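Here's the letter readout for the chains.
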Amino acid sequence: MDDRTAVPLRLTSLAHGGGCGCKLAPSVLQQLLADQPIAGPFAQLLVGTETGDDAAVWQLDDETCVIATTDFFMPMVDDAFDFGRIAATNAISDVYAMGGKPIMALAILGMPIDKMPAELVREILRGGSTVCADAGIPVAGGHSIDSPEPIYGLAVIGTCPVANIRRNSGAKPGDALILTKALGVGIYAAAFKKGALPDEAYGELIASTTLLNRVGAELSRDSDVHAITDVTGFGLLGHALEMARGSNVAILLRADDISYFTQAADLSQQGFVTGASHRNWASYGEAVVLPPEFPIWQRQLLTDPQTSGGLLIACRPERAKDLLEAIIDADYPAARIIGTVSGVDPGTSAGVHVV
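Residues numbered from 1 in each chain as written. Predicted model: local features only at pLDDT ≥ 70, side-chain atom pairs only at ≥ 80, totals over all residues. Heavy atoms only, no water.

Section: the pattern of salt bridges
Summed over the entire model, instances satisfying the criterion amount to ten salt bridges. Where Arg-254 meets Asp-257, a salt bridge forms, and the shortest distance between an N and an O atom there is 2.5 Å. The exposure class of Asp-257 is partly exposed, given its relative accessible area of 34%. Several salt bridges converge on common partners, so that one network encompasses Asp-222, Asp-224, Arg-316, Glu-318 and Arg-319. (Salt bridge = Lys/Arg side-chain N within 4 Å of Asp/Glu carboxyl O. Buried < 20%, exposed > 50% of the residue type's maximum accessible area, 1.4 Å probe, protein only.)

Let's talk about the pairing of strand E4 (residues 101–111)
Walk down a regular strand and you will see the side chains alternate between the two sheet faces. Note that E4 and strand E6 (residues 151–161) share nine bridges and pair antiparallel. The partner of Ile-108 across the bridge, within E6, is Gly-153. Following the backbone out of E4, through helix H3 (residues 118–135) and into the adjacent parallel strand E5 (residues 139–146), one traces a crossover that is right-handed. (Pairing = 2+ DSSP bridges. Helix = DSSP H or I, 4+ residues; strand = E, 2+ residues; numbered from the N terminus. Right-handed = clockwise from strand over helix to strand, strands pointing away.)

With respect to the sheet that holds E6
Strand order in this open sheet of six strands is E1-E2-E3-E6-E4-E5, and the pairing throughout is mixed. Each end of this open sheet is capped by a strand with a single partner; those strands are strand E1 (45–47) and E5. Averaged over all pairs of adjacent strands, the angle between strand axes in this sheet comes to 20°, irrespective of strand direction. The pairing of strand E3 (residues 64–73) with E6 spans ten bridges and is antiparallel. Residue pairing in the sheet places Asp-71 in a bridge with Leu-154 of E6. (Axes fitted to C-alpha atoms, helices over the stretch in contact; angles between N-to-C directions.)

A word on H3
The end-to-end C-alpha separation of H3 is 26 Å, in line with the 26 Å expected for 18 residues at 1.5 Å each. Leu-120, Val-121, Ile-124, Gly-127, Gly-128, Val-131, Cys-132 and Ala-135 are the residues of H3 that are buried. With its buried residues spanning 130° around the axis, H3 presents them on a single face. For H3, the exposed residues lying more than 90 degrees away from the buried face are Arg-122, Ala-133 and Asp-134. (Expected span 1.5 Å × (residues − 1). Arc of directions from axis to C-beta.)

Quick word on the packing of helix H7 (residues 235–247) against helix H9 (residues 275–284)
One can describe the packing of H7 onto H9 by two numbers: an axis separation of 9 Å at closest approach and a directional angle of 35°. The interaxial crossing formed by H7 with H9 has left-handed handedness. Only Asn-280, Trp-281 and Tyr-284 of H9 make contact with H7, whose side of the interface consists of Gly-235, Leu-237, Gly-238 and Leu-241. In the contact of H7 with H9, the residues fall into four nonpolar, three polar and no charged. (Left-handed = near helix turned anticlockwise from the far one by under 90°. Contact = heavy atoms within 4.5 Å. Nonpolar A, V, L, I, M, F, W, Y, C, P; charged D, E, K, R; others polar.)

Coordinates in, geometry out; function isn't part of it.
Right, dumping it as structure tokens:
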């Protein structure tokens, strides 16, 4: 018998971080990309690296675009099947966030083959394939390497009518902001890794992180929806700031209107916070205005890295309630209207304000 199967193997013990908490801090990423050339004079490249959007978009003809994205990370849970499902759901989300529909995926796999039995790796792949089947797409190939830590994700290709592409840079003054999922993924993951996450909370975590953001493709058909982005490793504040800067607007978030995982506040106050949450705040905190004496634990909910998080949507305010009802009816019960968009005063920079 293989000695590796003699005792239960915790996948999270093989990785120094997990989920979208593995992402490089925004400030580090900015430094690394500082000298990189802009995508260049390609008229058909509608979305590249200029606004930190969710995926690249290439216009094929007058009517159709192709969307391309990739996402991968290390395990945030120990169940191999769940890890595969979370990673695949997260990767596909970028296509939905651009307003598109996925058409196929390629697997990205790095495994410490001297530490993991083959059946665990197969379970990871099965989890990813199950989510892709739910999204109606094949895993058409991929690439694998022997790596010191387990890594899994997907490269995903999608399509979208040109008119339906939704960038993170299209928010307009007066817009209402909707968030489709509750916050708290990173906090729950930190508690899980230390054995402090109750079973019912684990179920809440899995239900949210394996819920496909397919509603983005439906919302993009509505001209009153101006901008969409998905909330992942930079936390709500980080991705709201990207939307604010890309759109040259100010964003106001109402902290009490945001939906949180049921135990996220208690766990944050107990200190179950990821290192990525601290790195996020250090990277962009100067562009965020918080109320006086805003509790650190509450700030950490807003910087918490969301693996397979929800969509942040900017829409015409008169349509916000109707759109919210439609999103909730589409099986996103935690969706809430969480803020508004305003213009930027002369001489000031785009940013995020929390009340």
